[in-house]
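Read off the chains here:
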Amino acid sequence: MFPTLARDLAAIVGETHLRQARAERVTYSMDGLPTHRRVPDLVVLPGSREEVIAVVRLLAALGVPFVPRGAGTGLSGGALADEGSVLLVLTRLNRILEIDKNNRRAVVEPGVVNAKLGAAAKPHGLQYAPDPSSQSACTIGGNVAENAGGPHCLKYGVTANHILALEVLLADGSLVELGSPGGEPGGGGPDLVGVFVGSEGNFGVATKITVRLTPLPRAIRTLLADFSSIRTAGEAVSAIIAAGIVPAALEMMDQSCICAVEDSVYAAGYPRDAAAILLVELDGRDTGAVEAEADAVADLLRKAGARSVRTAASEAERERLWQGRKKAFGAMGRLSRDLVVQDAVVPRSALPHVLDTISTIAKNYGLVVSNVFHAGDGNLHPNISFDATNPTLKHSVEVASAEIMATCIAAGGTITGEHGVGIDKLRYMPLIFDAESLGAMLAVRRVFDPDERVNPGKVVPLHACREWVSARPRAVA
Amino acid sequence: MTILDKVTALLGEGAVLEAGTDRVPRVAPGSPDAVALLLGTAHQEGWRVRIEGAGTWLQSDAPADLALTTRRLDRVPAIEPSDLTATAEAGIGLDQLRQQLADRGAWLAIDPPGLAGRTLGSVVATATAGPLRHGFGPIKDHLLGVTFVTGDGRMVQSGGRVMKNVAGYDLTRLQAGGFGAFGVIVLVHLRLRTLPRADITYVLEGAREDLTQVGEDIAAAGLTPAALELVSPALARRERWVLAVRLAGSPALVAADEAGLGAASGGGRFTPLRAEEAHAFWMRLAEGFAVRPVTFRIGGVPTASDELLDLLQHQLGDEWISASPAAGAIRWTGDASIDRLQRLRRTLAGLEVPLTLERAPWPQRGAVGHFGAYREGVGPLVAGLRRTFDPGGALVVATEGT
Ligand SMILES: Cc1cc2nc3c(=O)[nH]c(=O)nc-3n(C[C@H](O)[C@H](O)[C@H](O)COP(=O)(O)OP(=O)(O)OC[C@H]3O[C@@H](n4cnc5c(N)ncnc54)[C@H](O)[C@@H]3O)c2cc1C
C-alpha cells in the first residue's frame, strides 16, 4: 500500500485511532459469521463526520478501496476488508443529533447503536421500530446498509420503511442528500433512499440518517404457544396470517433451539418437550382491542393444534420470553464450536413443507440444524452447529446450506431476508437473478461508485453479469 | 417501410391500435417479451417512444414517434390469499384487479387518485398514493418486486414475491416514482392484506385551521386510522373544509378507534357516512385529481402542513386541494403556468419540500419536469441512472424539464 497512507490517515484521525499492528487488525477480520476471515491492511476509526470526509477524500485521491464497518455484527461477511483495502470503522460517530417529537423523527450519526436510539426515543413516547436481535450492539448505519429486520418488523416494517433521508458520502468524496425531511424523494425524483437502503455499503457511506419514529404501543399481549410438531406450528402461522390479523411479532423456535436457550443463562421457561413454540405479540393503543385480538389468536392457535397457549402475566415475564428469543443465537453458540446463522425467505404457506425438507437435509448430512425465525414473514433462520476445524463437517455444512437455499428458492422464496448477500451468498445470486438483472445491479452500483472502490467484491458476482454501460457525470469532490 | 409497418412485422397486426388525436401510432404489446422486442428495436432505430397505460391519468400528448400502451398486459398470473401476495401485469386496471382480489378475500391497500380504470403500472411508476397512505404507507411499501424493460429492450427483474428480501440492490424502489424514466414496468409483485372486516368513514366539517388541529389531536391520541384526509370544500363538494377519517380493520380495533375519535374531535362532531356514501366520497376525491389540467404533490414534515397549505393558497389558490396532514403529504390540482410552477418548486426547495409534478399538459410538463430542484448531489445520480436504463434516450419522459 502507499507508503505515506498510514501517516496521512493518522494526521486526520490521530495515531490512537489508526490500527496498523497485525494483532490489532486481526480483531477486525470477521463479522458475526465465523466462516469468512480477511485481515484488512489498515483500520481507521474517524471520530467525526469531517474526519470521515477527509479520510474518504484521501482514499479517493489515491484510488485506495475501502470498506465501511459498523459494529461488525453482520452475518454475511459484508464488513470484511481484503488486503489492499482500508477498513473504515464508524462506531465513534455515535451521536443522536436530533429527536423531533412532533414530527416523529430522529437524525442520527451512523454509529449510533440501535438500542440506544430506542432508549432515547422512549421518554417521548416513541420507538424506533426495527429491532434486530443484535440491537444492543449493531449500528443504525449497519442496519441501513443491510436493510435489517427484526421480530417486530412483521407489523411495523423493516429498516427501509423507516428511513426518511440520508446524507451519503460517495466513494469519490462528494456528498449527496437523498430523500427529504418529510420522506419524499428529494427533488421528487426516484426513491434513491430506497435504492441505498440494503446496498450493503456498495453505494457509499451513510454519514447522517433521518429515521421515522412510531408511537410506543400502550397495550401489549404476549402469547406463548407450544406444539408437538414443527409442521403444526407452521400451519398455525398460516392460519393467523390468513385470518387477517397482523401481530406485532410472530416468532418460531424449534426444539433444538428451545433446549439451547433453556440450558443457557437466558432460560425463559420454554417447554423443553415441545417440538416447536410460537411467540406471538399483539400491540396497539387500546387494551380492549388488543385483548380481543389476543383472544382471537389464542383461539386460532388452539384450533391449529397448540398443546397449550399461555399469556405473559407481567412485564417481567414478557421480557423473559423475549430475552430467550433475542439471545437464541448466543445460546446456540454453546451447542458446538461454530454456528452458521442462515437466512432465507419462503411464502408463508410453504413453511410446513420447507421446514420438513430442512430437517431431512440435516438428517442426511448428520448435522444439527436449529430453527429460530420470523415465522410471520416466512423469514427462516436454519442455523447449523458444527466444528469448523473438521474439514469434512465444514464441507457438509456448505453442501447442506446450498441444499437449504435451493429448497427455499424452489418454494418461491429468496436467499436472504435480512442478513444480506455480502461475500457469503454471492454464489447463490445467479440462482435467483439472470445475467441481465445482475448486470443491471452492477450498472447501478457504478452510477454511485464508478470505480467499484467502496466495499469491493460484495453482493453482485461479477462473473455472472451481462455487460451494461453505465455512466455518471463525475462530480468535483 | 414506415414505423408502423416495422412494428406490424415485429408484433403482428393485433398489436397496433388506433392512433389518438395527435396521430402518433399506438402499439399495445401483448407480453413482456413483446415490450422488450419493441423497445430493443426502438433503441436501434432511434424511435422516441412514450409510455401509456389506460390513458386516464397522464395526458397522452408527449411528442413521440410511437406510443407504447401497456393495456394488453392485463393478466393476473397469481393471487395467493394465504400468503397475501399477488402478481399482476402492469396494464391491468386497478378496478379490475381490486375486484379479482376481493373475490379471494384480499385487499391491496392503496387508493391512488385518478379514474377507476387507471393501470397498476401507472400507479407504481408515478408512486401516486392516496389517502390510505396515512395508514398503510407509500406505494413502494406495497411492492415486493417488479419486472421492467429498459429503454434499450433489456428485461430486468428485481425483488421477488416474498415478504422480506434483501438479495441484491433494491431496483424496485427505483421504479416506484421513476415515471418510466428508468424503464417500462411490465409485471408487479404485490403485498396484500385481508379485506378489512370493518370499514367506516367519518367526516367533520369546519374551518381548515380547526380541522388541522383535530387531525393533530387524532394522531397524538395514538389512533390508527387507515386514512386521515383534509379535503377542500370544492373537492369534497361541501360548504366547508372536511376532515375525513377512515377506520378499517378488525371490528374490535375499529370500535376502539371510533370511541377515541369522539374524544379527539375538539368539540366538533364527526358524522359517519353510510357505506355507499363513503365509497362515493373517496371516489369523487380520487377522480377530482384527474380532471383539471395540472396535478402535483408535495411532501413536508407534518408540523409544516398548515404553513404549506397557506403557501399554496397564496401562490396558486386552494380550491382543489387535499392533504394528509399527519403524513405531511399535500396534493393540489387546477391550472398553473410554467412560471408559477417553477417558482413554487424553487420556494418549496428552500424549505426542503419536494414538488412532484404528477400530471400536466406536455408544454408545462416538458418545461417544468416531473422532478427537479434536487438536493445536493442528486442531479448527477439521476442523470447517470437515466443514461444507464435508457442509453439511447428512447423513452420520452419529462424527467426534469427542458
Ligand atoms: C446475534 C445476532 C443476531 C442478529 N439478529 C438480526 C436480526 O434479527 N435481524 C437482522 O436483520 N440482522 C440480524 N443480525 C445481523 C446484523 O446484526 C445486522 O445485519 C446489522 O444491521 C449489522 O449492523 P452492524 O453495525 O454490525 O454492521 P456491520 O456488520 O459492521 O456491517 C454490515 C454492512 O453494512 C455496511 N455498513 C456499515 N455501516 C455503514 C455505513 N454507515 N454506510 C454504509 N455502509 C455501512 C458494511 O460495509 C457491511 O456491508 C444479527 C447478528 C447477530 C450477531
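What counts and how
Residues numbered from 1 in each chain as written. Chains lettered and ligands numbered in written order. Predicted model: local features only at pLDDT ≥ 70, side-chain atom pairs only at ≥ 80, totals over all residues. Heavy atoms only, no water. pLDDT = per-residue confidence, 0-100. Domains from an automatic or database assignment. Contact = heavy atoms within 4.5 Å. Buried area = accessible area lost by both parts, 1.4 Å probe. Salt bridge = Lys/Arg side-chain N within 4 Å of Asp/Glu carboxyl O. Helix = DSSP H or I, 4+ residues; strand = E, 2+ residues; numbered from the N terminus. Buried < 20%, exposed > 50% of the residue type's maximum accessible area, 1.4 Å probe, protein only. Polar contact = N/O pair within 3.5 Å; in protein donor to acceptor, adjacent residues only side chain to side chain. Nonpolar A, V, L, I, M, F, W, Y, C, P; charged D, E, K, R; others polar.

(A) Summary view of the confidence of the model for chain B. Averaged over all residues, the pLDDT of chain B is 94; the fraction at 70 or higher stands at 99%. Across the interface, the model reports ipTM at 0.96; the global pTM reads 0.97.

(B) Up close: the domain arrangement of chain A. Residues and elements named next belong to chain A. The domain architecture assigned to chain A consists of domain 1 (1-216) and domain 2 (217-329). Listed per partner, the contact involves 13 residues of domain 1 and 15 residues of domain 2. Overall, the association of domain 1 and domain 2 removes approximately 1100 Å² of surface from exposure, summing both partners, and the carbon and sulfur fraction of that is 53%. Applying the counting rule to domain 1 against domain 2 returns 2 salt bridges.

(C) Looking closely at the environment of G145(B). Residue and element names in this part refer to chain B. Mapped onto the secondary structure, G145 falls in strand β8 (residues 143-149). Residue classification places G145 among the buried residues on the basis of a relative accessible area of 0%. Ignoring anything within four residues of it in the chain, the contact list for G145 reads S158, G159, G160, T172, L187, V188 and H189.

(D) Highlighting the environment of V354(A). Along the chain, the position of V354(A) falls in helix α13 (residues 351-365). Once residues within four sequence positions are removed from consideration, V354(A) is found in contact with V346(A), L380(A), T407(A), C408(A) and A411(A).

(E) How the structure looks around the side chain of K164(B). With respect to the helices and strands, the residue K164(B) is situated in the loop between β9 (155-159) and α6 (172-175). Among the polar contacts made by the side chain of K164(B), one reaches the side chain of N379(A) at a distance of 2.9 Å. A polar atom in the side chain of K164(B) sits 2.7 Å from the side chain of E418(A). Setting aside residues up to four positions removed in sequence, K164(B) forms contacts with G149(A), G150(A), V158(A), V345(A), H374(A), D377(A), N379(A), T414(A), T416(A), G417(A) and E418(A).

(F) How the structure looks around the interface of chain A and chain B. The interface is formed by 90 residues belonging to chain A together with 68 residues belonging to chain B. Summed over both sides, the interface of chain A with chain B buries roughly 6300 Å², with 58% coming from carbon and sulfur. Where chain A meets chain B, there are 8 salt bridges. Between D191(A) and R173(B) there is a salt bridge, with its nearest N and O atoms 3.9 Å apart. Here chain A is connected to chain B by 21 residue pairs in polar contact (both at pLDDT 80 or more). Listed by contribution, the elements that provide at least two residues to the side of chain A that touches chain B are β9 (175-179), α7 (192-196), α8 (230-242), α10 (287-303), α15 (429-432) and α16 (435-448) of chain A. The leading source of residues in the side of chain A that touches chain B is α16(A), at 9 residues. Grouping the constituent residues of the side of chain A that touches chain B by class yields 39 nonpolar, 30 polar and 21 charged.

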